[in-house]
Amino acid sequence: MHTVVVGGGFAGVKAALELSKKQIGKVTLISNEPYFLHHATLYATATGRSAAESIIPLNEIFFNHPNVTVVQDTVTSIDPDRKLVVSDKKSYQYDNVIIALGSVTTYFGISGMEQHAYGIKSLDEIRAFHQHIENEVVHEGQLDRNYVIIGAGPTGVELVGALCEYLHHLIDLHQLKHARVKLSLIEAAPRILPRSSATAAKIVEKRLKAIGVDVQTNKKVEALDEENITIAGKKVPTKTAVWTSGVANHPFFKANASYFDLAPNGRANVNKFLEGHKDIYVIGDNNTVQYGGLAWPALRQGAFVAQHLARKASGRPLKAYKPALPPSGIPVGDKWGYVEWFGVYAAGRPGSLIRRLIELVDYCNILPFQKAVAIWRSHDISQVDI
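Residues numbered from 1 in each chain as written. Predicted model: local features only at pLDDT ≥ 70, side-chain atom pairs only at ≥ 80, totals over all residues. Heavy atoms only, no water.

> Honestly, the overall build of the protein in this entry has me stumped. Any pointers?
Secondary structure assignment for the protein yields 11 helices and 23 strands. Taken against the 2.2 N^0.38 rule, which gives 21 Å for 386 residues, the C-alpha radius of gyration of the protein at 22 Å falls within 12% of a compact globule. Put simply, the protein has 386 residues, and 51% of those count as buried. A separation threshold of at least 6 residues defines the contact pool for the protein, and within that pool the share at least 24 residues apart is 64%. Roughly 18,000 Å² of accessible area belongs to the protein as shown, and the carbon and sulfur atoms make up 51% of that amount. Charged side chains of the protein number 42 positive and 36 negative; the gap between the two group centres comes to 8 Å. (Helix = DSSP H or I, 4+ residues; strand = E, 2+ residues; numbered from the N terminus. Rg over C-alpha atoms; globule rule 2.2 N^0.38 Å. Buried < 20%, exposed > 50% of the residue type's maximum accessible area, 1.4 Å probe, protein only. Contact = heavy atoms within 4.5 Å. Areas by Shrake-Rupley, 256 points an atom, 1.4 Å probe, with all protein chains shown as cover. Lys, Arg positive; Asp, Glu negative; His and termini not counted. Charge placed at Lys NZ, Arg CZ, Asp CG, Glu CD.)

Rendered as structure tokens:
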């Protein structure tokens, strides 16, 4: 049996690893990048922490899995009749295919946003953001007066908390005595963390304001250019606007819509075995299953499909996938965090410690324990000395 896994995120990597462990055939993992990105720690990499905790080479993950072939390629289409996954380079024959392509950024048509905003959702975006900060400090000898983070979901909250500490570190390090920086977090919804509990929003907002972040809710960003951002009709001077809002399903699904039952949000509806079409499994961010878009459900779905294929291959009874609520954890700065699970929460230093343990579990799901711990500990290493 040959299984093709498309996507090198949590869901795809976990599926490939579990298939390898079960030894039920060959696995080809196709990713457009040669590395795995741990998105939950990109906020830290973007603000001076080691890249080792966010960027892990795929060949390193699959070093002890000779039945997994990692291919760097970009898949464009699928042909279920001939059982082919097609890219610009070649076609890949499959018995089963698992699609876990993740989501892409959408700017909701806001004027100038795509051209002028920074981001932290990819390695290239983080490099551009670092270069911008370096240019400010080294070449201009000053920081921007206004840093605007657009989107108060977990990524925006994590970034603004880390950026607050990072900028003050740079001010002290480079003796920028006259630097006066303002950090604003802008959210169009009535409160920050709109998909989290009201308790989470209240406690985290209080923490953000305590460290000096200007939190603005019910405010829509209308335009961005090289010098200004327009928020609810008001122009604010800034050269540093960071977009952390807006995700859409990967365009692969729209391009191959005839083979999938797509929901209004563009994600694929799947059956109880996470199958979107015969022998085509859609997992992680790409399906409409409850709790999608989070790391632990992605890992859970990847492991489930591997187990499902093992049961199918051996003729054992098949079991349906059952979603499970994952814990949520949001760091706000280095030693403060908020974690919640089934209405029970911890905030402050205890929340920070629990969030760090959640990250360790993430790594242990895709790496041997000792390697997972080493990468987890790299969070305490500074990589940027501007």
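There's plenty left to go through after this.
> Please explain the packing of aromatic side chains as it appears in this structure.
Given two aromatic rings, one states the distance between the centres and the angle between the planes to describe the pair. Here the structure, examined in full by the defined rule, presents 10 aromatic pairs. When the ring of phenylalanine 304 is compared with that of tyrosine 321, the centres are 5.3 Å apart and the planes differ by 70°; the resulting orientation is edge-to-face. Remark: tyrosine 321 occurs in the loop between helix H9 (295-314) and strand E21 (328-331) and phenylalanine 304 occurs in helix H9; sequence separation between them is 17 residues. With respect to burial, phenylalanine 304 and tyrosine 321 carry one shared label: buried. Taken together, the ring pairs connect Tyr107, Phe108 and Trp243 into an aromatic cluster. (Phe/Tyr/Trp six-rings, centres within 6.5 Å; stacked < 30°, edge-to-face > 60°.)

> Sorry, what's going on with the nonpolar core here?
Soluble globular proteins tend to bury their nonpolar side chains together. One finds Val157, Leu163, Leu185, Ile192, Val204 and Leu208 to be the most contacted residues of the largest nonpolar core, which totals 44 residues. Within the residue set of this core, elements represented by two or more residues are strand E3 (35-37), helix H2 (42-45), helix H5 (123-140), strand E11 (146-150), helix H6 (154-173), strand E12 (182-186) and helix H7 (198-210). Among the elements that line this core, the one with the most residues is H6, at 10 residues. Here leucine 185 is in contact with Ile149, Gly151, Ala152, Gly156, Val157, Val160, Ile192, Leu208, Val213, Asp214, Val215 and Gln216, once residues within four sequence places are set aside. If you look at the next biggest cluster of nonpolar residues, it comprises 40 residues, including Ile24, Ile98, Phe273 and Val373. (Core = buried A, V, L, I, M, F, W, Y, C linked by side-chain atoms within 4.5 Å.)

> Before we go on, may I ask you to explain the sheet that holds strand E15 (residues 228-231) in this structure?
By way of backbone hydrogen bonds, the strands of a sheet pair with one another, either parallel or antiparallel. The strand order across the open sheet built from 3 strands is E14-E15-E16, with neighbouring strands paired in antiparallel fashion. With one partner strand each, in any of the chains shown, strand E14 (221-224) and strand E16 (234-237) form the two edges of the open sheet. The average undirected angle you get between the axes of adjacent strands in this sheet is 25°. Where E15 lies against E16, 4 bridges are found, and the strand directions are antiparallel. Bridge assignment links threonine 230 to a residue of E16, and that residue is lysine 235. (Pairing = 2+ DSSP bridges. Axes fitted to C-alpha atoms, helices over the stretch in contact; angles between N-to-C directions.)

> Can you walk me through H7 in this structure?
Because each turn of an α-helix spans 3.6 residues, side chains separated by three or four positions in sequence point in the same direction. Taking 1.5 Å of rise per residue, 13 residues should cover 18 Å, and H7 covers 18 Å from first to last C-alpha, within 8% of that figure. Restricting attention to buried positions, one finds in H7 the residues Ala200, Ala201, Val204 and Leu208. Down the axis of H7, the sector holding all buried residues measures 95°, keeping them to one side. In H7, those exposed residues whose orientation departs by more than 90 degrees from the buried face are Ala198, Lys202, Lys206 and Ala210. The secondary structure elements touched by the buried residues of H7 are H6, E12, strand E13 (214-216) and strand E22 (337-341). Positioned one or two residues after H7, glycine 212 has a phi angle of 100°, which is positive. (Expected span 1.5 Å × (residues − 1). Arc of directions from axis to C-beta.)

> Help me understand the sheet that holds strand E7 (residues 84-87) in this model?
The strand order across the open sheet formed by 3 strands is E6-E7-E8, and the pairing between neighbours is antiparallel. Across the chains shown, the open sheet's two edge strands, defined by having one partner strand only, are strand E6 (75-79) and strand E8 (91-93). Averaged over all pairs of adjacent strands, the angle between their axes in this sheet comes to 25°, without regard to strand direction.

> What's the story with the pattern of salt bridges in this structure? I'm lost.
If charged atoms from side chains of opposite charge come close, those side chains can pair. For the structure on display, the rule yields 15 salt bridges. Among the ionic pairs, lysine 371 bridges to glutamate 60, the shortest N-O distance being 2.7 Å. Here glutamate 60 lies in helix H3 (residues 58-61) and lysine 371 lies in helix H11 (residues 369-377), a separation of 311 residues in the sequence. Relative accessible area serves as the criterion here: at 35%, lysine 371 is assigned to the partly exposed category. Among the charged side chains, a salt-bridge network with shared partners connects Lys83, Lys278, Asp279 and Lys312. (Salt bridge = Lys/Arg side-chain N within 4 Å of Asp/Glu carboxyl O.)

> Sorry, what's going on with the side chain of glutamine 216 here?
With respect to the element layout, glutamine 216 can be found in strand E13. Given a relative accessible area of 18%, glutamine 216 falls into the buried group. In terms of polar contacts, glutamine 216 uses its side chain to reach the side chain of lysine 219, at 3.4 Å. Filtering out sequence-adjacent residues up to four positions away, glutamine 216 remains in contact with Ser184, Leu185, Ile186, Glu187 and Ile231. (Polar contact = N/O pair within 3.5 Å; in protein donor to acceptor, adjacent residues only side chain to side chain.)

> Can you walk me through the side chain of serine 54 in this structure?
In this structure, serine 54 sits in the loop between H2 and strand E4 (55-57). Of the polar contacts made by the side chain of serine 54, one reaches the side chain of threonine 41; its length is 2.8 Å. Beyond its immediate stretch of four places on either side in the chain, serine 54 contacts Phe36, Leu37, His38, Thr41, Leu42 and Thr45.

> How should I be thinking about the environment of isoleucine 381 in this particular structure?
Residue placement: isoleucine 381 occurs in the segment after H11. For isoleucine 381 and glycine 48, which are 333 residues apart along the polypeptide, the C-alpha to C-alpha distance reads 8.6 Å. Contacts of isoleucine 381, omitting those with residues within four sequence positions, involve Gly48, Arg49 and Ser50.

> Where do I start with unusual backbone geometry in this structure?
If a residue is not glycine, its phi is most likely negative; likewise, a peptide bond is most likely trans. Backbone geometry at glutamine 23 places phi at a positive 50°, although glycine is not the residue there. Locating glutamine 23 in the fold gives a position in the loop between helix H1 (10-22) and strand E2 (26-31). Overall, glutamine 23 belongs to the exposed group, its relative accessible area being 67%.

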